[in-house]
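Fold and contact review
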Amino acid sequence: MTSLAFPNFKTHFSALFEQAALAIAPPGVSVRIELTRTKQADHGDYSCNLAMQLAKPLHKNPREVANLLIAALPASPYLEKTEVAGPGFINLFLKNSAKQQYLHYVSQSGEAYGCSGLGQGKKIQLEFVSANPTGPLHVGHGRGAAFGASLADVLAAAGFDVSREYYVNDAGRQMDILTLSTWLRYLEICGVHIPFPQNAYQGEYVKAMAQLIHQAHDRRYLHQPESLLDGLPDDARAMPVASDELLDKLIANAKATLGEDYAYIHNFVLTEQLGDCRNDLMEFGVEFDVWFSEQSLHDNGLIARAVEMLDKKHYLYQQDGAMWFRSTDFGDEKDRVVRRENGQYTYFASDIAYHLNKFERGFDYLIDIFGADHHGYIARVKGAIDALDYDSDNLDVALVQFAVLYRDGKKAPMSTRSGEFVTLRELREEVGKDAARFFYVMRKSDQHLDFDLDLAKSQSNENPVYYIQYAHARVCSVLAQWDGEVEALLSADTSWLSNPAELALLQKLIDYPDTIEAAAKEYAPHLIAFYLRELAGEFHSYYNSTRFLVPEIPIQSARLALIASVKQVLSNGLKLLGVNAPDKM
RNA sequence: GUGCCCGUAGCUCAAUCGGAUAGAGCACCAGCCUUCUAAGCUGGGGGUUACAGGUUCGAUUCCUGUCGGGCACGCCA
């Protein structure tokens with residue numbers, strides 16, 4: 001094995017087929033070497049469809065081409081035999097000795113096994129979650145968090161230099177509504193009762209923040225209701241306010257009434273919510289390298305600068321008192337406003353400045369993880385990037401569908417404003433971090449997720465995460481009873497591993513780096529989840545068919561070396577998903 | 001109405017940029033614990049890949065249409 005810098009059989013055979021193709025293909029014909037793992041054992045270990053690709057340009061039937069390719073294929077020390085099968089597949093059978101020797105590579109690599117240099121150290125900025133800091137994270141955010149964190153780790157394992165970033169929407173109207181909501185609750189505590197608007201934040205956490213302010217500052221922010229209700233229609237004084245205009249009027253009045261104190265409350269609720277969010281995510285195993293403030297874009301003049309840059313390139317125009325970006329020039333359905341009639345920049349303007357800033361920080365690639373309801377937003381962002389002379393192909397947007405929660409067979413409500421929702425924290429407390437993280441990434445991110453709370457809560461054997469963790473714990477248990485030094489297994493004679501379960505397990509271990517590469521290329525951590533399920537399955541099967549702690553020491557060592565590597569790969573994979581690998585269960 | 005996504009076993013989902021006999025789990029049925037953890041294993045039934053056409057050696061995958069579901073169509077974020 002030492003003859004290969006990185007002993008990846010797929011890469012190795014691809015290179016051989018490349019040479020074979022060069023030998024027989026007509027000049028000018030380019031082909032893609034595709035090597036796939038076979039589904040059936042009698043098709044060998046790897047399969048190549050190159051002959052079928054070359055059949056047409058060569059004007060020969062595929063099976064004939066396959067034989068030519070095999071004849072032109074350079075010798076490989078790992079290859080037992082080749083076969084032409086079906087319409088013209090070339091099936092490759094690995095030598096058992098190649099699989100057996102490969103195990104040494106796995107055990108020597110340890111925690112690093114599965115990592116590759118695919119990304120060549122390119123810098124990727126991954127933005128995810130980025131929820132408004134206006135209340136607790138709910139289960140929808142949880143999916144974005146789990147997906148983003150796993151994807152970041154997968155990309156890092158694949159050799160990218162990943163920066164995880166949370167964009168804090170601390171500049172918008174929603175923050176004002178939260179500030180108002182908190183102050184109104186504070187006034188209630190002080191004995192001033194003003195009808196609480198229906199479209200303000202209803203959650204208990206708002207009352208809790210009001211309580212904190214009251215404890216720290218007593219009645220310092222107390223004002224009588226007259227100035228707050230100034231300019232509101234009479235019925236709004238008695239009835240809960242429901243319209244956006246009335247809410248905005250209330251916010252304006254609150255700012256006028258509180259003066260500089262408004263900023264204090266605004267800052268207090270922001271700090272409080274952000275701290276809660278950060279803590280929540282940390283307990284979920286999700287951490288960020290950068291928390292980027294939207295407000296800082298305003299404060300540093302970066303939005304004005306970005307808009308000015310667009311203007312200089314003549315991509316902006318005035319209409320109806322507002323300033324518009326010609327996003328239709330870049331394939332968007334309609335042009336978009338960047339500065340409103342009232343002179344304020346839109347959220348889109350902030351986002352243009354933000355993405356410009358990302359590129360200026362020197363990232364090679366950007367990835368945004370959005371909720372699927374934002375898909376209409378992609379065209380305008382990419383348009384703005386292109387307008388600013390960066391390449392929008394270097395931005396990928398991964399859409400994550402919302403998780404729909406089911407409780408007692410019914411959909412659970414998920415409106416933040418109504419205060420009726422299941423928080424991420426509640427979910428973690430109910431089903432545990434491991435199950436939650438695993439469930440979230442078990443399926444493709446762009447598919448709807450039906451999250452059955454009762455099922456997830458049941459903590460029964462129905463939960464697939466236990467199946468994988470159990471395999472890990474079983475290996476630990478065997479190794480503990482063996483009571484030897486795992487280091488000693490590095491020199492085990494692995495040629496004893498020759499029964500079908502052992503060879504299947506070895507092949508499964510060989511597949512792991514390819515799985516990570518695929519997961520990285522396709523932004524698909526769910527592939528890891530499926531892989532781990534299969535690896536655990538192969539192990540449980542082996543466990544039931546074969547005894548490890550046998551008296552014959554060479555055989556025992558070989559089997560223990562195998563299961564120790566299984567344990568290592570289970571642990572490595574679970575780590576990428578943010579799931580714990582317990583020694584005991 | 002227009003655009004995007006989706007439709008696969010009873011349920012929840014896979015299927016490696018078009019590959020071989022479409023696979024798992026759950027549920028159901030029948031077996032396996034004096035031996036390393038039964039949260040496990042072994043075997044079994046279960047499909048016109050929504051429907052109808054098209055493209056080619058080959059289609060769950062690509063194209064067109066129909067039906068059904070979701071989302072988006074703000075000077076909100």
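Below is a short write-up of the structure. (Residues numbered from 1 in each chain as written. Chains lettered and ligands numbered in written order. Predicted model: local features only at pLDDT ≥ 70, side-chain atom pairs only at ≥ 80, totals over all residues. Heavy atoms only, no water.)

**Some remarks on helix H21 (residues 526–545)**
Helix length check: H21, at 20 residues, gives a terminal C-alpha distance of 29 Å against a target of 28 Å (1.5 Å per residue), a fit within 8%. Restricting attention to buried positions, one finds in H21 the residues His 526, Ile 528, Ala 529, Tyr 531, Leu 532, Leu 535, Ala 536, Gly 537, Phe 539, His 540 and Tyr 542. The inward-facing, buried residues of H21 contact helix H5 (139–157), helix H17 (433–441), helix H19 (464–482), helix H20 (500–521) and helix H22 (553–576). (Helix = DSSP H or I, 4+ residues; strand = E, 2+ residues; numbered from the N terminus. Expected span 1.5 Å × (residues − 1). Buried < 20%, exposed > 50% of the residue type's maximum accessible area, 1.4 Å probe, protein only. Contact = heavy atoms within 4.5 Å.)

**Digging into the pairing of strand S9 (residues 322–325)**
On S9, burial covers both faces: Ala 322 and Trp 324 on one face and Met 323 and Phe 325 on the other are all buried. Where strand S8 (residues 316–319) meets S9, 4 bridges bridge the pair, whose relative direction is antiparallel. Pairing of Tyr 317 across the sheet is with Trp 324, part of S9. (Pairing = 2+ DSSP bridges.)

**Topic: the sheet that holds strand S12 (residues 395–400)**
Taken together, the 5 strands give an open sheet; going across it, the order is S7-S6-S5-S11-S12, and neighbouring strands pair in parallel fashion. Each edge of the open sheet is held by one strand with a lone partner, namely strand S7 (290–293) and S12. Geometrically, the sheet is characterised by an average inter-axis angle of 25 degrees between neighbouring strands, direction not taken into account. Sheet analysis places strand S5 (residues 123–127) next to strand S6 (residues 161–168), joined by 5 bridges and oriented parallel. Looking at S6, one finds that Lys 123 is bridged to Asp 161. (Axes fitted to C-alpha atoms, helices over the stretch in contact; angles between N-to-C directions.)

**Digging into the packing of aromatic side chains**
Evaluated as defined, the whole model comprises 32 aromatic pairs. Put simply, the rings of Tyr 167, Phe 292, Tyr 315, Phe 325, Phe 330, Tyr 347, Phe 348, Tyr 354, Phe 370 and Tyr 377 pair up and form one aromatic cluster. For Arg 474, the ring lying beneath its charged end belongs to Tyr 543, and the centroid distance is 3.9 Å. (Phe/Tyr/Trp six-rings, centres within 6.5 Å; stacked < 30°, edge-to-face > 60°. Lys NZ or Arg CZ within 6 Å of the ring centre and 35° of its normal.)

**A word on the protein's contact with RNA strand B**
What surrounds RNA strand B is a group of 61 residues, the closest being Arg 32, Arg 443, Tyr 467, Tyr 470 and Arg 474. The share of sugar and phosphate among atoms of RNA strand B within 4 Å of the protein is 61%. Lys 39 places a side-chain nitrogen or oxygen 3.1 Å from a phosphate oxygen of RNA strand B. Tyr 347 is positioned such that a nitrogen or oxygen atom in its backbone is 3.0 Å from a phosphate oxygen of RNA strand B. Elements that contribute at least two residues to the surface near RNA strand B include exactly strand S1 (35–37), helix H2 (50–58), strand S4 (89–94), S9, H19 and H21. Sort the elements by how many residues they give to the surface near RNA strand B and H19 lands first, with 8 residues. A per-class count over the surface near RNA strand B returns 20 nonpolar, 21 polar and 20 charged. (Near = heavy atom within 4 Å. Polar contact = N/O pair within 3.5 Å; in protein donor to acceptor, adjacent residues only side chain to side chain. Nonpolar A, V, L, I, M, F, W, Y, C, P; charged D, E, K, R; others polar.)

**Thoughts on the sheet that holds S9**
The strand order S8-S9-S10 describes an open sheet built from 3 strands, whose pairing is antiparallel. The open sheet terminates on both sides in strands that have one partner only, identified here as S8 and strand S10 (336–339). Looking at each pair of strands side by side, their axes are set apart by 45 degrees on average, direction ignored.

**Some points on the environment of Arg 173**
Checked against the element boundaries, Arg 173 lands in helix H6 (residues 173–189). Expressed as a C-alpha distance, the spacing of Arg 173 and Asp 248, which sit 75 residues apart in the sequence, is 8.7 Å. The contact partners of Arg 173, leaving out residues within four places of it in the chain, are Asp 244, Leu 247 and Asp 248. In this structure the side chain of Arg 173 is engaged in a polar contact, spanning 2.7 Å, whose partner is the side chain of Asp 248.

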